[in-house]
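Understanding the architecture of this molecule
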Amino acid sequence: MFMTAINRWRGPFQFAQFSLIGGLNALVDLGTLNLLLFLWPTKDVFVLFLYNSIAYTMAILNSYLLNSRLTFRHCAMFSAREKISFGLQATCSLLISNGIFLFATFLLEFFPIPLWLVYNISKTLSMALSSTASFFFMKYFVFRKKQDSLS
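In this report, the structure presented in the accompanying data block is examined. Just so you know, these numbers come straight off a predicted model, no measurement behind them.

**A word on the overall build of the protein chain**
- Looking only at helices and strands, one finds five helices and zero strands in the protein chain.
- The order of helices and strands in the protein chain, counted from the N terminus, is α-α-α-α-α.
- For the protein chain, buried positions account for 38% of its 151 residues.
- The contacts of the protein chain with a sequence gap of at least 6 include a subset with a gap of at least 24, amounting to 77%.
- As displayed, the protein chain offers around 8,800 Å² of accessible surface, 78% of which is attributable to carbon and sulfur atoms.

Right, here's the structure in full:
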């Protein structure tokens, strides 16, 4: 009965932890992007793709360190399989992030708003959607094996 109660709350608690860590990752992601844009302003799509990729990579490394030690600590094994799985989910999430970031940037440039705001709105949208995808990739793909055996 006690384990049933724990299992019932595990999902929402994991999502809450993941969301808090996601907030930290958002600061890393947005901070890195804005620093790069401040130091080397650009409108070039390839450079924006590169900046977003660098910012996302910094955030995803932070995500792995914190989520593997906190959110999914009961099922993290730090094995080669897990690290490869994490890398694959990170790559999928990066593609989602870049696609949304570039598409939103393209759409928002038609509105009379400052370019820095266009980039930050686009980045926020890309972070929200890629982070949601990342949670489900990690929960059901990366940290799945050990978690299934505990349930």
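Still to come is the rest of the account.
**Overview of the layout of surface pockets**
- Taken as a whole, the largest pocket holds about 270 Å³ of empty space.
- If you go around the largest pocket, you meet 18 residues; those closest to its centre are Gly22, Asn25, Ala26, Met127 and Ser131.
- Counting only elements with at least two residues in the lining of the largest pocket, the list comes to α1 (2-39), α2 (45-69) and α4 (115-142).
- Here the lining of the largest pocket gets seven residues from one element, more than from any other, and that element is α1.

**Comments concerning the packing of aromatic side chains**
- Enumeration according to the criterion identifies three aromatic pairs in this entry.
- Measuring from centroid to centroid gives 5.3 Å for Phe106 and Phe110, while their planes differ by 85 degrees, and the two rings are edge-to-face.
- The class of Phe106 is partly exposed, set by a relative accessible area of 49%.
- On the accessibility criterion, Phe110 (62% relative accessible area) is exposed.

**Thoughts on the packing of α2 against helix α3 (residues 80-108)**
- The interhelical angle for the contact between α2 and α3, taken along N-to-C directions, is 140 degrees, at an axis separation of 9 Å. Classified by the interaxial angle, the pair formed by α2 and α3 is oblique. The handedness of the crossing between α2 and α3 comes out as right-handed. Facing α2, whose interface residues are Val45, Leu48, Phe49, Asn52, Ser53, Tyr56, Ile60 and Tyr64, α3 presents Glu82, Lys83, Phe86, Gln89, Ala90, Ser93, Leu94, Ser97, Asn98, Phe101, Leu102 and Thr105.
- Split into classes, the residues belonging to the contact of α2 with α3 amount to eleven nonpolar, seven polar and two charged.

**Here we look at the nonpolar core**
- Judged by nonpolar contacts, Phe18, Tyr56, Ile60, Tyr64, Phe72, Phe86, Ala90, Leu94, Phe135, Met138 and Val142 together constitute the single largest core of eleven residues.
- Among all residues touching Phe18, those that are not within four sequence positions of it are Asn67, Thr71, Phe72, Ser131, Ser134, Phe135 and Met138.
- In this structure, Leu37, Ala55, Phe101 and Leu108 belong to the second largest nonpolar core, which totals ten residues.

**With respect to the side chain of Thr105**
- Position of Thr105 among the secondary structure elements: in helix α3.
- Using a relative accessible area of 3% as the deciding quantity, one classes Thr105 as buried.
- Each residue touching Thr105, except ones within four places of it in the same chain, is listed here: Leu48, Val118, Tyr119 and Ser122.

Cut-off values and rules
Residues numbered from 1 in each chain as written. Predicted model: local features only at pLDDT ≥ 70, side-chain atom pairs only at ≥ 80, totals over all residues. Heavy atoms only, no water. Helix = DSSP H or I, 4+ residues; strand = E, 2+ residues; numbered from the N terminus. Buried < 20%, exposed > 50% of the residue type's maximum accessible area, 1.4 Å probe, protein only. Contact = heavy atoms within 4.5 Å. Areas by Shrake-Rupley, 256 points an atom, 1.4 Å probe, with all protein chains shown as cover. 1 Å grid on protein atoms, 1.4 Å probe; cavity = no way out; pocket = protein on both sides within 12 Å on 5 of 7 lines; lining within 4 Å. Points joined across faces, edges and corners; volume = space filled by probe spheres on them. Phe/Tyr/Trp six-rings, centres within 6.5 Å; stacked < 30°, edge-to-face > 60°. Axes fitted to C-alpha atoms, helices over the stretch in contact; angles between N-to-C directions. Parallel < 35°, antiparallel > 145°, perpendicular 65-115°, else oblique. Left-handed = near helix turned anticlockwise from the far one by under 90°. Nonpolar A, V, L, I, M, F, W, Y, C, P; charged D, E, K, R; others polar. Core = buried A, V, L, I, M, F, W, Y, C linked by side-chain atoms within 4.5 Å.

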